Amino acid sequence: MNVEGHRATPPRRRDARRSWELLVAAAHEVFTRQGLEAPLDVIARRAGVGNATLYRHFPTRAALIDAVFHDLLTDTMTAGEQARTASDAWAGLNAYLQAVFTTLAADRGTNDLMTTRLEGVDALRAVHVHNRETVELLLRRGRDEGTVRADVTVEDVLFALAALGRAVPALTTATTPDAWRRPLALLLAGLQASPTASPRLPGPPLTADQLGDVLQELGPHRNSGQPPGP
């Protein structure tokens, strides 16, 4: 599956390529443990190169993040494609969200990416678009099949997923690696159509722009457009 946008690629020269690969591997390790706001000089030291080498290969933090997480993010799109072809929309939605939360629980860097908004990461932008399309399709099919409550919007679901997803690292650290399954099951139960009339959700739903603003506020990287720094 292709991801739209330009992906940072390793240089052709052997020594430069080796530095590029060391930086990506070190960044993956550090981001996994500390999240996307980890100091970049820590990554450079772990890779055994200087800060100037890091900045030469990755002039922005976003460029480094894109190189590190590109393949992991496309795995989420593959799960979305599989969910879209499910014969039962409710089963497809359940399977897709289970796959998404398995990814969110894997490491803090991926969690930061998928539950907030970060400008300049081409792979992430494509995944967010694909994720929205997948959820929207499954909700629409679920409403038609009578398994999803009629008043739930895609923004309702994406906000709930982001808010719950942000709590996953703390939850799994304090309890067990699969502790997220219980709150996700509760969330899914709230989306399911009831055999009896359910009370309507209070207040107006979020707009797409409002959801984007919320995701921006959830993230620690509000200055993502600035050059990378320690």
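Treat the numbers as computed from the prediction; the structure is a model and nothing was measured.

Caption draft 1: Spotlight on the overall build of the chain. Counting its regular elements, the chain contains 10 helices and zero strands. Secondary structure elements of the chain occur, N-terminal to C-terminal, as α-α-α-α-α-α-α-α-α-α.

Caption draft 2: Quick look at the side chain of Glu 155. Relative to the assigned elements, Glu 155 resides in helix α8 (residues 154-174). Glu 155 has contacts with Arg 132, Leu 206, Thr 207, Ala 208 and Leu 211, leaving out every residue within four places of it along the chain.

Caption draft 3: Representation of helix α2 (residues 40-47) within the structure. Residues of α2 that are buried include every one of Leu 40, Ile 43, Ala 44 and Ala 47, and no others. Down the axis of α2, the sector holding all buried residues measures 100°, keeping them to one side. Buried residues belonging to α2 abut α1 (14-34), α3 (51-57) and α4 (61-84). Following α2 by one or two positions, Gly 48 has its phi on the positive side, about 80°.

Caption draft 4: Main features of the environment of Thr 207. Along the chain, the position of Thr 207 falls in the loop between α9 (181-191) and α10 (208-218). Taking the C-alpha atoms as reference points, Thr 207 and Glu 155, 52 residues apart in sequence, are found 6.8 Å from one another.

Caption draft 5: Expanded view of the layout of surface pockets. Considering only enclosed or pocket space, the largest pocket measures out at about 600 Å³ in volume. What lines the largest pocket is a set of 26 residues, among which His 128, Val 129, Leu 158, Leu 211 and Leu 215 lie closest to the centre. Elements with a minimum of two residues in the lining of the largest pocket: α5 (89-106), α6 (108-115), α7 (122-145), α8 and α10. At seven residues, α7 tops the list of elements feeding residues into the lining of the largest pocket.

Caption draft 6: Representation of the packing of aromatic side chains. What the rule picks out here adds up to three aromatic pairs. Residues Trp 20 and Phe 58 carry aromatic rings whose centres are separated by 5.9 Å and whose planes lie at 35° to one another, so their mutual orientation is tilted. Here Trp 20 is found in helix α1, whereas its partner Phe 58 is found in the loop between α3 and α4, with 38 residues between them in sequence. Of the residues examined, Trp 20 reaches a relative accessible area of 8% and is grouped as buried. According to the relative accessible area criterion, Phe 58 is buried, its value standing at 0%.

Caption draft 7: Examining the packing of α1 against α2 more closely. At a closest axis distance of 8 Å, the pairing of α1 and α2 adopts a crossing angle of 130°. By the criterion of interaxial angle, the relationship of α1 to α2 is oblique. Considering only the axes of α1 and α2, their crossing is right-handed. Facing α1, whose interface residues are Leu 22, Leu 23, Ala 26, Ala 27, Glu 29, Val 30, Phe 31 and Arg 33, α2 presents Leu 40, Val 42, Ile 43, Ala 44, Arg 46 and Ala 47. Along the lines of polarity and charge, the residues of the contact of α1 with α2 split into 11 nonpolar, no polar and three charged.

Caption draft 8: Looking closely at the environment of Ser 19. Note on placement: Ser 19 falls in helix α1. A relative accessible area of 17% means that Ser 19 is categorised as buried. Through-space distance from the C-alpha of Ser 19 to that of Leu 54 is 8.4 Å; in sequence the pair is 35 residues apart. Look past the residues within four positions of Ser 19 in its chain and what remains in contact with it is Val 49, Thr 53 and His 57.

Caption draft 9: Structural view of the pattern of salt bridges. Counted according to the given criterion, the structure contains 11 salt bridges. The shortest N-O distance in the salt bridge between Asp 151 and Arg 149 comes to 2.8 Å. Neither residue differs from the other here; Asp 151 and Arg 149 are each classed as buried. Connected through shared salt-bridge partners, Glu 29, Arg 33 and Arg 46 make up one network.

Reading the values: rules and limits
- Residues numbered from 1 in each chain as written.
- Predicted model: local features only at pLDDT ≥ 70, side-chain atom pairs only at ≥ 80, totals over all residues.
- Heavy atoms only, no water.
- Helix = DSSP H or I, 4+ residues; strand = E, 2+ residues; numbered from the N terminus.
- Contact = heavy atoms within 4.5 Å.
- Buried < 20%, exposed > 50% of the residue type's maximum accessible area, 1.4 Å probe, protein only.
- Arc of directions from axis to C-beta.
- 1 Å grid on protein atoms, 1.4 Å probe; cavity = no way out; pocket = protein on both sides within 12 Å on 5 of 7 lines; lining within 4 Å.
- Points joined across faces, edges and corners; volume = space filled by probe spheres on them.
- Phe/Tyr/Trp six-rings, centres within 6.5 Å; stacked < 30°, edge-to-face > 60°.
- Axes fitted to C-alpha atoms, helices over the stretch in contact; angles between N-to-C directions.
- Parallel < 35°, antiparallel > 145°, perpendicular 65-115°, else oblique.
- Left-handed = near helix turned anticlockwise from the far one by under 90°.
- Nonpolar A, V, L, I, M, F, W, Y, C, P; charged D, E, K, R; others polar.
- Salt bridge = Lys/Arg side-chain N within 4 Å of Asp/Glu carboxyl O.

On their own, these measurements won't tell you what the molecule is for.
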